[in-house]
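Fold and geometry: a report
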Amino acid sequence: GSMSVATYNALLNVMAKAALLGEAQKVVASMVAAGVVPDVITWNTVMHAVANEAATGRVSGVQAGLEVLAQMRAAGVRPDTQTYNTFLRACTASSWGRGTDRVTAQGTWVTELMRKDKVKPDAYTFTTLLDACVKAAEEDELGGLGEAMIVLREMEGAGVRANVVTFNCLIGACCKSSRKHGLTMVEKGVKILEMMKESGVRPNSASFNTLISACAEAAAGSTSSKAAGAALTRGLALLRDMPNWGLRPDVISFTSLLTAGERAVRTGDTTVIQNGKALLTRMQEAGVQADVVTYTSLLSCFASAAAEGIPGDWVQRSVEVLEDMKAAGVAPTSVTALVVTDAVAKSVRAINKGNQEGREAQERLRKLFRQLDRNGDGKVSVEELRKVFSVQSRLGKRMRVSREDSSTGGSAKDGDGEDPVEGGELSRQVASLRAAKEEARVAKEEDALDQATMRFFEVADGDGDGVITLEEFVEVMEKSAGPRGLGMLPQVGSVEAVAAARAHIAAGRQVLQEMLEAGVRVSLVTMNALVDTCVDAASLGPSGENGDVACVHACVRDALAILRLAKANGITPNARSYNALVRLWAVAAGAGMGDAAIEKALEVVEEMRKGGVPPDCVVFNTVLHACARAAFAGNGGGVARALGIIERIRAAGLRPDSVSFTTVINAARHEGTPEAVTLAYTIFQKMPPASRVPQTYTVMIHALAKVGRATEAVALLDASIAHGLRPNDFVLSAAMRAAAENSALRAKVAEVTEAERRRAPVDWVLSANGPTPALDRTLRERAGSERAG
């Protein structure tokens, strides 16, 4: 039998949802041809297709919508409120992100058309317009909140009652601009909640979840841990406040806050990671089942905390969360596996980062101690401490007074400066009273300062001998700052550092093994990330003359165990997997294993080939790096061995690149013999100029300088410029070091440097490293002599 109008309308609905306006129009044409009369639902569904396709930018919502309105009228069907509401959405779709002015104009035009057709706007009409204002708002328009509030007032003026969707659009405007404007927009959202209450509209979970998301955006946009912490604290308060509105937090509420915490950790704020377990407990108490996204969000917080060097064993904390997941019956995913592996990798890198930052911090502490030790006897007495603290306090007061004077124009008098009280007696009494109060306040501050000074002194003077030594001062500051801040992690270059890193890797491998056994599809990316971490761990150990090959061997065993686990579960290693093993042997070459490590690296390359993974130039360049590291450690390698690797590259059908030749030259530099450098210089001269990069020139200059060929080293500056490669600050600094005490060569380098500054002063100023102190000093001396001349 023939299809009914309801059947056609159902088919049209499919087309409309898929934004297929052309197909929808064909359905209407076939409908008419079959003698089926389209009704208002038919045309409204076609208008729905117009709106959806306009949102994709493929059609003009205004033009296509007007055509549908004309077709409706021609068919004798009168547009209703839904027709115009959908038409309004079609008209405003093209304005998203392009400013609210267009939306306001289009909204006014559509509502005028409605009135001419005697169609009364309803709550959906105004809410559609309000939502369009929010979506169209540009970055500096407070999320469209101002325009949306105007629409709300027009809505009230038309006698149309706002509903929860209307108010949620307003809260959405606050969320949209909270990344830029911070907690100010969150508080505006809270005021909208109060407006809802006054209007008799009950907020729903979406209202609060959007506000909590606004807190997340405010935290993400913060540049300080204090601001991020304030945003998260506000989010926690909103979460706790939901039951007071008769609402139960859902999984989105909690996950939004955890996501915010992960962003805030990057600024150093620990609000969420400190409350992470408490949030999960609160979810259980609220009857909300945490899902895998919730748990993974918390794990991401831990990975970020490790990256930022925040104190804590974040790998162990991650393992505990996984145990909680298991107990709750929540299965991890491949993303969970990747996030945990990321926590392992960042915890290992934090050992190196914490060590470097710790050394810098300890140097700052020593400098501070020297400032406290006013008489230079290596000890700080309580009197010395009081003097320094007192000076700092007075400076602080002067700065406050200066700011107050500048804000009041430097005068505390009223009007034109005359005494406002006749005779001036009352004024003098008031001034006397103020002076007495100020004196009392200063005395109170000084007493508080003295008490604080004594408390610090008593804590720092560990042995109670009446003075603070440098060791005691550093100890008390370390305890207050935490292990990451002052380098209390295992010292890089020690066996202990490698052991700490391997403990993290072992925990990560165990996690992946359990996930694989549970059927989780762990990706090769995750496995490779853990193998790469083994290289980072090996790099933390002793190297050079003090190298400990056993540390590297242990890390190699870890990496092989991870790859065996991958193969056993059908995960085939790729070039990156093998390259990580080669990198490990390169570390071993620099740790004292020398040529034996290079042979091991070549065995990996052969295994790679047999495994069906063609070795690429990156892998061979890593073997070349092993030759350079072995030469640096004085245990094999060198330029001759490196040239043998170059032949292997060619035999594999590959072309050595600039990195290949630069690494060969670096191997000669570390070998340090005149013969090796001469061979490297020959290679350098045969290299096509286009394949030479700044690093090639830098390494070659260092190599020539090492064997006393300073003139040739400095001459490479002209060669670089002649071949169209402007020397950067690394090349120039290498040349200045090569010039050493030779005034003529130093003058030559200074001349080239000055010429580069004149050619591109902006580039020079914006250089990431800038000139070295020695180079800058030479330039200043040259400028001084020119002025004197």
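Owing to the predicted nature of the structure, the values given are computational and were not obtained by experimental measurement.

**Some thoughts on the overall build of the protein chain**
Scanning the protein chain from terminus to terminus reveals 35 helices and two strands. Counting over 789 residues, the protein chain shows a buried share of 46%. Long-range pairs, those at least 24 residues apart, make up 70% of the contacts in the protein chain between residues at least 6 apart in sequence. Approximately 38,400 Å² of the protein chain is accessible, and the part contributed by carbon and sulfur atoms is 53%.

**Some words on unusual backbone geometry**
Positive phi outside glycine occurs at K118, with the angle close to 60°. Here K118 lies in the loop between helix 6 (100–116) and helix 7 (123–136). The exposure class of K118 is exposed, given its relative accessible area of 73%.

**Some remarks on the packing of helix 14 (residues 271–285) against helix 15 (residues 292–307)**
Viewed as axis vectors pointing N to C, helix 14 and helix 15 meet at an angle of 170°, and their least axial separation amounts to 10 Å. With respect to helix 15, the axis of helix 14 lies roughly antiparallel. Like other packed secondary-structure pairs, helix 14 and helix 15 cross with a definite hand, here left-handed. Contact residues: V272, I273, G276, L280 and M283 in helix 14; T294, Y295, L298, C301, F302 and A305 in helix 15. Class assignment of the residues belonging to the contact of helix 14 with helix 15 gives a composition of nine nonpolar, two polar and no charged.

**Quick look at the confidence of the model for the protein chain**
When pLDDT is averaged along the protein chain, the result is 82, and 84% of the positions lie at 70 or above. Summarising per-element confidence for the protein chain, the mean pLDDT is lowest in helix 34 (residues 761–765) (41) and highest in helix 22 (residues 524–538) (95). Confidence drops under a pLDDT of 50 for residues 761–780, and excluding neighbours within four residues, the segment shows 27 contacts in the predicted structure.

**With respect to the pattern of salt bridges**
Counting across every chain of the model gives 19 salt bridges. With its nearest N and O atoms 2.8 Å apart, the salt bridge here joins E217 to R179. Of the two residues, E217 sits in helix 11 (residues 205–220) while R179 sits in helix 9 (residues 164–181), which places them 38 residues apart along the sequence. Note on R179: relative accessible area 40%, which makes it partly exposed. As a salt-bridge pair, D558 and R509 come within 3.8 Å of each other at their nearest N and O atoms. Residue D558 is found in helix 23 (residues 549–568), and its partner R509 is found in helix 21 (residues 495–517); the two are separated by 49 residues along the sequence. Residue classification places D558 among the buried residues on the basis of a relative accessible area of 6%. A relative accessible area of 24% means that R509 is categorised as partly exposed. If you follow the salt bridges from partner to partner, you end up with R502, R509 and D558 in one network.

**Some details on a negative patch on the surface**
Taken together, D313, E320, E323, E514 and E517 make up a surface patch of like negative charges. When residues of the negative patch are traced back to their parent elements, those giving at least two are helix 16 (314–327) and helix 21. Mapped onto the fold, E514 is located in helix 21.

**Examining the nonpolar core**
Soluble, globular proteins show a tendency: their nonpolar side chains are buried together. Counting residues in each nonpolar core, the largest one holds 206 residues, and the members touching the most others are L584 and M700. No other element matches the 12 residues that helix 24 (residues 575–593) contributes to this core. Ignoring anything within four residues of it in the chain, the contact list for L584 reads C534, V535, A538, V552, C555, V556 and A559.

**So, the environment of E67**
Of note, E67 is situated in helix 4 (residues 61–74). For E67, a relative accessible area of 40% gives the class partly exposed.

**Looking at helix 9**
Here helix 9 spans 25 Å end to end across 18 residues, near enough to the 26 Å set by a 1.5 Å rise per residue. Each element contacted by the buried residues of helix 9 is listed here: helix 7, helix 8 (145–157), helix 10 (183–199) and helix 11. One side-chain oxygen of the residue at the start of helix 9 lies 3.1 Å from the amide nitrogen of V165, identifying that residue as N163. Immediately downstream of helix 9, the backbone of G182 shows phi near 65°, a positive value.

**Side note on the packing of aromatic side chains**
Within this structure, the stated rule accounts for five aromatic pairs. Taking the centre distance of 5.8 Å and the plane angle of 65° together, the rings of F87 and W109 count as edge-to-face. Here W109 lies in helix 6 and F87 lies in helix 5 (residues 81–92), a separation of 22 residues in the sequence. A ring pair is formed by Y681 and F684, whose centres lie 6.2 Å apart and whose planes are at 15°; its orientation type is stacked. Pair noted here: Y681 and F684 are both in helix 29 (residues 674–686), with a separation of three residues, about one helical turn. Aromatic ring contacts, followed pair by pair, group Y681, F684 and Y697 into a single cluster.

**Focus: the packing of helix 32 (residues 729–739) against helix 33 (residues 743–759)**
Running from amino to carboxyl end, helix 32 crosses helix 33 at an angle of 165°, the nearest separation of the two axes being 8 Å. Judged on the interaxial angle alone, helix 33 and helix 32 are roughly antiparallel. At the point where helix 32 passes helix 33, the crossing takes the left-handed sense. When helix 32 is examined against helix 33, the residues L732, A735, M736 and A739 are found in contact with a partner set consisting of L745, R746, V749, A750, V752 and T753.

**Concerning the state of the cysteines**
If you walk through the whole model with that rule in mind, you get zero disulfides. Free of any disulfide, C174 has its nearest cysteine sulfur in C175, 8.7 Å distant. With relative accessibility at 0%, the residue C174 sits in the buried group. Free cysteine C555: the closest other cysteine sulfur is in C534, separated by 6.4 Å.

**Notes on the side chain of N528**
Secondary-structure assignment places N528 in helix 22. Owing to a relative accessible area of 3%, N528 belongs among the buried residues under this scheme. Ignoring anything within four residues of it in the chain, the contact list for N528 reads N574, R576 and S577.

Analysis parameters
- Residues numbered from 1 in each chain as written.
- Predicted model: local features only at pLDDT ≥ 70, side-chain atom pairs only at ≥ 80, totals over all residues.
- Heavy atoms only, no water.
- Helix = DSSP H or I, 4+ residues; strand = E, 2+ residues; numbered from the N terminus.
- Buried < 20%, exposed > 50% of the residue type's maximum accessible area, 1.4 Å probe, protein only.
- Contact = heavy atoms within 4.5 Å.
- Areas by Shrake-Rupley, 256 points an atom, 1.4 Å probe, with all protein chains shown as cover.
- Axes fitted to C-alpha atoms, helices over the stretch in contact; angles between N-to-C directions.
- Parallel < 35°, antiparallel > 145°, perpendicular 65-115°, else oblique.
- Left-handed = near helix turned anticlockwise from the far one by under 90°.
- Nonpolar A, V, L, I, M, F, W, Y, C, P; charged D, E, K, R; others polar.
- pLDDT = per-residue confidence, 0-100.
- Salt bridge = Lys/Arg side-chain N within 4 Å of Asp/Glu carboxyl O.
- Patch = residues over 30% accessible without salt bridge, like charges linked within 9 Å, V, L, I, M, F, W, Y side chains within 5 Å.
- Lys, Arg positive; Asp, Glu negative; His and termini not counted.
- Charge placed at Lys NZ, Arg CZ, Asp CG, Glu CD.
- Core = buried A, V, L, I, M, F, W, Y, C linked by side-chain atoms within 4.5 Å.
- Expected span 1.5 Å × (residues − 1).
- Polar contact = N/O pair within 3.5 Å; in protein donor to acceptor, adjacent residues only side chain to side chain.
- Phe/Tyr/Trp six-rings, centres within 6.5 Å; stacked < 30°, edge-to-face > 60°.
- Disulfide = S-S within 2.5 Å.

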